[in-house]
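Listed below, chain by chain, are the residues.
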Amino acid sequence: MELLLQRIIDGVGDGMIYGAIALALVLIYRVTGLVNFAQGEMAMFATFIVWWITRPDRFLGFIGDPQLRMAVGIFLGLGIGFVIGVVCERFIMRPFEKRPYIDQAMVTMGMYLGLSALAAYIFSVQPVAMESVFSAGGIPLGGANLTWSTIGLIVVFTSLSLLLRLLFTRTRFGLAMRATTNNAVSAQLSGINVKRTLMLGWGLASAVGGVAGAMLAPKLFLSPFMMQSVLLYAFAAAILGGLDSVPGAIVGGILVGLTQHLAGGYLFGSELALAAALLLILIVLLVRPQGLFGKVKVERV
Amino acid sequence: MAAILDVTNMRAGYGSIRVIHGISFHVDPGEIVVILGANGAGKTTMMKAVSGIIPAQGDITFDGTAFTRRTSTDKRAGLGIAHVPEGRGTLTDLSVIDNLRVGGYTRPRAEVAESIERWFDVFPRLRERRDQAAGSLSGGEQQMLAVARALMGKPKLVLLDEPSMGLAPLITAELFAELRKINQETGTALLVVEQNAKRALAIADRAYVISTGQLVIEGDADELASDDGVRAAYLGV
């Protein structure tokens, strides 16, 4: 019983990370209609910069308390992620903006490889340890341990997804993003600066990814390859939730995390946990192709 | 009175294919001007060049501002050109009310809410469907929405590309009556490209006839409507 509870808690905790990267994928998808294969690597790159500036002998070294230093670092990670997203869009994606979808998807694949290599070159090929913003330990819960880190992940990413939902549905910028995704020409004809909207959309997605990376890295080790399996789980989460749904990404992430820990724990051992997540995608796509929260498109002519 | 839109020797096309071979025309403030022409004559291309969806050479001056290559489509919209493109340009996944909000993107929030109510009064069917995805509306309703969306930005000039396309005759009549009324009440100038020449000429002040990328006839709408050549070619009588 304790083991089951612990697996559920761990599943939800990991699921929040998958959900956060899925959220970034959903943001890009909603703004550009594109699946960004480089999302995980962009987050990894931002995380490396956060790691670098939060080392005791660097930029943020003057802050003595390691947890406070990490908190400031993660907050700056939002901005760092944003800048990475904006730069990737402006200088790498934009020259291909008129190209077919498949070309653009290939460019994001290229970015995936490029960022991974660049991080290895600049920072480290070897995995490095990163301090956590959360205290070790946690609250005992029915024999299991609910860690501060899991609580923190749940709080941070639930509120982040709620904020993003408000941004999409209640603000002028959200309206511009939705209009741009749906029909870029019509958006322009209504006075929306589509290029700038796309750029900010990439920045926003990458900022979310950056925070996710910086919160994940202490659980694993930080390396240029840290995000590879995370990205697969995040894809599963995004598809599960419906590629265009912000809350769907988080719920999808939790379901994938639970599947990973429960199926991995009880059914086939952790080696096949990824396969369980993919099985989940297949079932959802068969039964509910638009995902759990995705919208069915209706169009009359 | 200075023209709201003044186009001189405009050339435009797609890639290396030139479709518009140097045309000059103007629209005065508050005027309804109709462009007639056969399929493939370049009407849609002309509209796209004016709103900046495709690049053009020649001089385009709108409300005292000379357009350059750097005057992007969204800037032109901000200056007061609204373009209802061929196929209506509905934001199909957005709700009806969000479509109108997009139309009012360049205007302050309070004014937008007020204008939405106004267009709901003009087109009550849109109010009934305000929270429905716009893609689920019928063709006629989408055309109403496209017109309302364009007018949400309080434009000085609206470019309408084939507003009657795909509409039943009765709905077309209703739409043109509404366009005339809007023009009279708000003073918004309209530049209309239309296959349904008879109906368009009935509400227009002036008309141009375009053929293979050049303007061939220009005149008052009444004159053109009674011109034998035009009648034979475009009115089918």
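Residues numbered from 1 in each chain as written. Chains lettered and ligands numbered in written order. Predicted model: local features only at pLDDT ≥ 70, side-chain atom pairs only at ≥ 80, totals over all residues.

Colleague: Hey, could you go over the overall build of chain A for me, with residue numbers and the actual values?
Modeller: Check the secondary structure of chain A and you find 11 helices and two strands. For chain A, the sequential pattern of α-helices and β-strands runs α-α-α-α-β-β-α-α-α-α-α-α-α. The C-alpha radius of gyration of chain A comes to 19 Å, within 12% of the 19 Å expected for a compact globule of 301 residues. The buried share of chain A, reckoned over its 301 residues, is 50%. Considering only residue pairs separated by 6 or more positions, chain A has 75% of its internal contacts joining residues 24 or more positions apart. (Helix = DSSP H or I, 4+ residues; strand = E, 2+ residues; numbered from the N terminus. Rg over C-alpha atoms; globule rule 2.2 N^0.38 Å. Buried ≥ 20, exposed ≤ 12 C-beta atoms within 10 Å, placed from the backbone. Contact = placed C-beta atoms within 7 Å.)

Colleague: Account for the packing of helix 9 (residues 227-241) of chain A against helix 11 (residues 273-287) of chain A, with residues named and values stated.
Modeller: All names here are of chain A. Packing of helix 9 against helix 11 brings their axes to within 9 Å, and their N-to-C directions diverge by 20°. Classed by the angle they form, the pair helix 9 and helix 11 counts as roughly parallel. With respect to the hand of their crossing, helix 9 and helix 11 are arranged in left-handed fashion. Side by side, helix 9 and helix 11 meet where S229, L232, Y233, A236, I239 and L240 of the first sit next to L274, A277, L278, L280, I281, V284 and L285 of the second. Along the lines of polarity and charge, the residues of the contact of helix 9 with helix 11 split into 12 nonpolar, one polar and no charged. (Axes fitted to C-alpha atoms, helices over the stretch in contact; angles between N-to-C directions. Parallel < 35°, antiparallel > 145°, perpendicular 65-115°, else oblique. Left-handed = near helix turned anticlockwise from the far one by under 90°. Nonpolar A, V, L, I, M, F, W, Y, C, P; charged D, E, K, R; others polar.)

Colleague: Before we move on, could you go through the nonpolar core and cite the residues and values that matter?
Modeller: Here is a general trend for soluble globular proteins: nonpolar side chains tend to be buried in one another's company. All names here are of chain A. Of all hydrophobic cores here, the largest spans 160 residues; its most connected members are I21, L23, V208 and A234. Of the residues forming this core, the biggest block, 16 residues, is contributed by helix 1 (residues 2-32). The residues touching V208, leaving out its near neighbours within four places in the chain, are A20, L23, A24, L27 and L160. (Core = buried A, V, L, I, M, F, W, Y, C linked by C-beta atoms within 7 Å.)

Colleague: Tell me what's going on with the confidence of the model for chain B, and back it up with residues and numbers.
Modeller: With 97% of its residues at a pLDDT of 70 or more, chain B shows a mean pLDDT of 90. Per-element confidence in chain B is highest for helix 3 (residues 96-103) of chain B, whose mean pLDDT is 96, and lowest for helix 10 (residues 228-235) of chain B, whose mean pLDDT is 71. (pLDDT = per-residue confidence, 0-100.)

Colleague: Hey, could you go over the pairing of strand 2 (residues 144-147) of chain A for me, with residue numbers and the actual values?
Modeller: Residues and elements named next belong to chain A. Note: strand 1 (residues 138-141) against strand 2, four bridges, orientation antiparallel. The residue of strand 2 that forms the bridge with G138 is T147. If you look at the hairpin formed by strand 1 and strand 2, you'll find two residues sitting between the two strands, and G142 has a positive phi there, around 50°. (Pairing = 2+ DSSP bridges.)

Colleague: Can you explain the environment of G138(A)? Please cite residues and give values.
Modeller: Residues and elements named next belong to chain A. Looking at the secondary structure, you find G138 in strand 1. Separated by 12 residues in sequence, G138 and T150 place their C-alpha atoms 8.8 Å apart. With residues near it in sequence (within four places) discarded, G138 still touches N145, L146, T147 and W148.

Colleague: Explain helix 7 (residues 169-186) of chain B residue by residue, including any values.
Modeller: Residues and elements named next belong to chain B. Across its 18 residues, helix 7 extends 26 Å between first and last C-alpha, which sits within 8% of the 26 Å expected from 1.5 Å per residue. Among the residues of helix 7, those classed as buried are T172, F176 and L179. Seen from one end, helix 7 has its buried residues packed into an arc of 55°, which puts them on one side. What points out from helix 7, more than 90 degrees from its buried face, is the exposed set L170, K181, Q184 and E185. The elements touched by buried residues of helix 7 are strand 8 (189-193) and helix 8 (197-203). Directly beyond the C-terminal end of helix 7, a positive phi value near 75° is found at G187. (Expected span 1.5 Å × (residues − 1). Arc of directions from axis to C-beta.)

Colleague: Break down the pairing of strand 4 (residues 56-62) of chain B for me, with residues and values.
Modeller: All names here are of chain B. Pairing of strand 1 (residues 5-14) with strand 4, which is carried by six bridges, proceeds in the antiparallel orientation. Bridging from a neighbouring strand, V7 pairs with I60 of strand 4. Here strand 4 runs beside strand 5 (residues 65-66); their pairing, made up of two bridges, is antiparallel. Looking across to strand 5, one finds that T61 is bridged to A66. Turn length for the strand 4-strand 5 hairpin, with the two strands adjacent in sequence and antiparallel, is two residues, and the turn residue D63 shows positive phi of about 50°.

Colleague: If you had to explain the environment of I283(A) to someone new, which residues and values would you point to?
Modeller: Residue placement: I283(A) occurs in helix 11. Note: C-alpha distance between I283(A) and G143(A) (140 residues apart in sequence) is 34 Å.

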